[in-house]
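# Secondary and tertiary structure notes
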Amino acid sequence: MAVARPKHLTLILAREFATSLATPMLVADDLGILVFYNEAVEEIVGRSFEETGETPLDDWMESFDPRPIDPDPMGDERRPTQIAFQDQRASHRRFRVMSVDGVERQIALTAFPLFAHADEFVGVVAIFWRE
Amino acid sequence: MRVTIWGCRGSVPTPGPQTVRYGGNTSCVEVVVDDDSVIVLDAGTGIRALGLELQRRRTRRIRLLLTHLHLDHLEGLRFFAPLYDAEVTLEIWGPPSPTQNLRDRVARSFSPPLFPLELRDVPATVSFHDVPRDDWQLDAASLRADLVVHPGPTVGFRVQTATASLGYLPDHEPALAGSIAGRPLDWLSGSGVACDVDLLLHDAQYFDDEYPERIGWGHSSVAHAVSYARAVEARRLLLFHHEPYHGDDLLDRLEESARSLDADASVDPTLAREGMVLELP
């Protein structure tokens, strides 16, 4: 069957959830591709998702030069989104980031994996908390 | 491919003088792709009469595809005559659940005090299968199941042969996940089963002015159904899962409404009715 499949329903519903939140939230798929962020993220990064488009989440995060505020007590320097992808567990950390408009901001980032079924990892959600 | 509607009512069976033309049996659709086997979509009360017909035809191999386990899609199974024939093989396919396997979930409706017989006591050979994440093949038909917007684990089905395709989304509220028109297809619930089909059976339970009071119940308005069919470029739309409170005359008005919404007749919206037979090329 040559017909394309849509995004997983879990991602479709996560996107709709994000659009109804005032809290900055992004959604990435199981391949680590950033597939959506809401308007509240635009206020932090200074660019709409329409302008950004689908892109590898790691590359996109790197473009904001995130610098951890507190050292990880276990020496784990990975970002919460990386931990959510690689270890498939929730993670939280505070950062300073430089947005595209040149303004440095302090944020906390919480990321967690999405499982449609116990053995079906479909992506990651990350939420930014302004500090 | 021959498609026969044995039940197209939503939510609860509605026999009576107000539902004579469109029928009162709940969801059940028969799909025949070759002479030796049959695919049945859902086991609402329409499956009872289908079972008698399959006995008459001496059909021994039956595949039942359940979109979900709400009662109006399962309640006819206990009265499906082939279950009580030891020569019948029945494969039941349905959405996986994180808590119980498909057999245990179906078996609940076969157990006391709901029903006097246990599922393990029926004479037919019955097997249960979670729908796979990838496409799969049943004889001449290629099948696909995708999770769709409806409360609880629910899938829509695509049945495709070399020459024809059918999309079956009897319980579906795509508008709950954002606007339908103009939305990229890869963000549209169920588009993988409905895209570019010859015939789309889609939920159209409500008039547009009824929908705002029922948001989140898992069903579509007639405008949403037409908009969805146009978005996925279905060639024909069969409006399905009729609201129990809608008698025949109201349903006539619903079809008129659908036709006015499809001004250029691109999806040719028509109301499903019991006994309707559609031959796809």
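Computed from a predicted structure; not experimentally measured.

## A few points about the packing of helix H4 (residues 222-231) of chain B against helix H5 (residues 248-261) of chain B
Describing two packed helices takes the angle between their axes plus the distance from one axis to the other. Residue and element names in this part refer to chain B. Remark: H4 packs on H5, axes separated minimally by 9 Å, with the N-to-C direction vectors making an angle of 40°. Of the possible angle classes, the one that applies to H4 and H5 is oblique. Crossing of H4 against H5: the hand is right-handed. Contact residues: Val-222, Ala-223 and Val-226 in H4; Leu-254, Ser-257, Ala-258 and Leu-261 in H5. The residue inventory of the contact of H4 with H5, partitioned by class, reads 6 nonpolar, 1 polar and no charged.

## Structural notes on helix H1 (residues 46-57) of chain B
Residue and element names in this part refer to chain B. Taking 1.5 Å of rise per residue, the 12 residues of H1 would be expected to cover 16 Å, and the 17 Å separating its terminal C-alpha atoms lies within 8% of that figure. Those residues of H1 that sit buried are Gly-46, Ile-47, Arg-48, Leu-50, Gly-51 and Leu-54. Turning to H1, the residues buried within the fold contact strand S1 (2-7), strand S2 (28-32), strand S3 (38-41) and strand S4 (61-65). Residue Arg-58 follows H1 closely and has a positive phi angle near 60°.

## Structural notes on unusual backbone geometry
Residue and element names in this part refer to chain B. With an omega of 5°, the peptide bond between Pro-112 and Pro-113 qualifies as cis. Turning to its location among the elements, Pro-113 is positioned in the loop between helix H2 (102-107) and strand S6 (125-130). Phi at Ser-11 takes a positive value of approximately 75°, unusual for a residue other than glycine. Even without being glycine, Asp-42 reaches a positive phi, approximately 70°. On the secondary structure map, Asp-42 appears in the loop between S3 and H1. Judged by the 28 C-beta atoms lying within 10 Å of it, Asp-42 is buried.

## Observations concerning the nonpolar core
Residues and elements named next belong to chain B. By size, the foremost hydrophobic cluster in this structure holds 109 residues, and its most contacted members are Val-40 and Leu-239. Here this core gets 6 residues from one element, more than from any other, and that element is H4. Each residue touching Val-40, except ones within four places of it in the same chain, is listed here: Cys-28, Glu-30, Ile-47, Leu-50, Ile-62, Arg-63, Leu-64 and Leu-65.

## As for the environment of Thr-19 of chain A
On the secondary structure map, Thr-19 of chain A appears in helix H1 (residues 9-19). For Thr-19 of chain A, a count of 14 C-beta atoms within 10 Å corresponds to the partly exposed category. For the pair formed by Thr-19 of chain A and Arg-93 of chain A, sequence separation is 74 residues and the distance between their alpha carbons is 24 Å. Here Thr-19 of chain A is in contact with Asn-38 of chain A together with Gly-178 of chain B, once residues within four sequence places are set aside.

## Regarding the sheet that holds strand S13 (residues 270-271) of chain B
In a beta sheet, neighbouring strands are held together by backbone hydrogen bonds and run either parallel or antiparallel to one another. Residues and elements named next belong to chain B. Sheet architecture is open: 7 strands sit in the order S7-S8-S9-S10-S11-S12-S13, paired in mixed fashion. Lying at the two open borders of the sheet, with one neighbouring strand each, are strand S7 (136-138) and S13. Two elements, strand S11 (residues 199-203) and strand S12 (residues 237-240), share 4 bridges in a ladder whose sense is parallel. Within the sheet, the bridge partner assigned to His-202 lies in S12 and is Leu-239.

## Considerations on the sheet that holds strand S4 (residues 67-68) of chain A
All names here are of chain A. Within the open sheet, the 7 strands sit side by side as S3-S2-S1-S7-S6-S5-S4. Their pairing is antiparallel. At either end of the open sheet lies a strand with only one pairing partner, and these are strand S3 (55-56) and S4. Here strand S1 (residues 25-29) pairs with strand S2 (residues 33-37) via 3 bridges, running antiparallel. Of the residues in S2, the one forming a bridge with Leu-26 is Tyr-37.

Reading guide: rules and limits
Residues numbered from 1 in each chain as written. Chains lettered and ligands numbered in written order. Predicted model: local features only at pLDDT ≥ 70, side-chain atom pairs only at ≥ 80, totals over all residues. Axes fitted to C-alpha atoms, helices over the stretch in contact; angles between N-to-C directions. Helix = DSSP H or I, 4+ residues; strand = E, 2+ residues; numbered from the N terminus. Parallel < 35°, antiparallel > 145°, perpendicular 65-115°, else oblique. Left-handed = near helix turned anticlockwise from the far one by under 90°. Contact = placed C-beta atoms within 7 Å. Nonpolar A, V, L, I, M, F, W, Y, C, P; charged D, E, K, R; others polar. Expected span 1.5 Å × (residues − 1). Buried ≥ 20, exposed ≤ 12 C-beta atoms within 10 Å, placed from the backbone. Core = buried A, V, L, I, M, F, W, Y, C linked by C-beta atoms within 7 Å. Pairing = 2+ DSSP bridges.

Nothing here speaks to function; it is geometry throughout.
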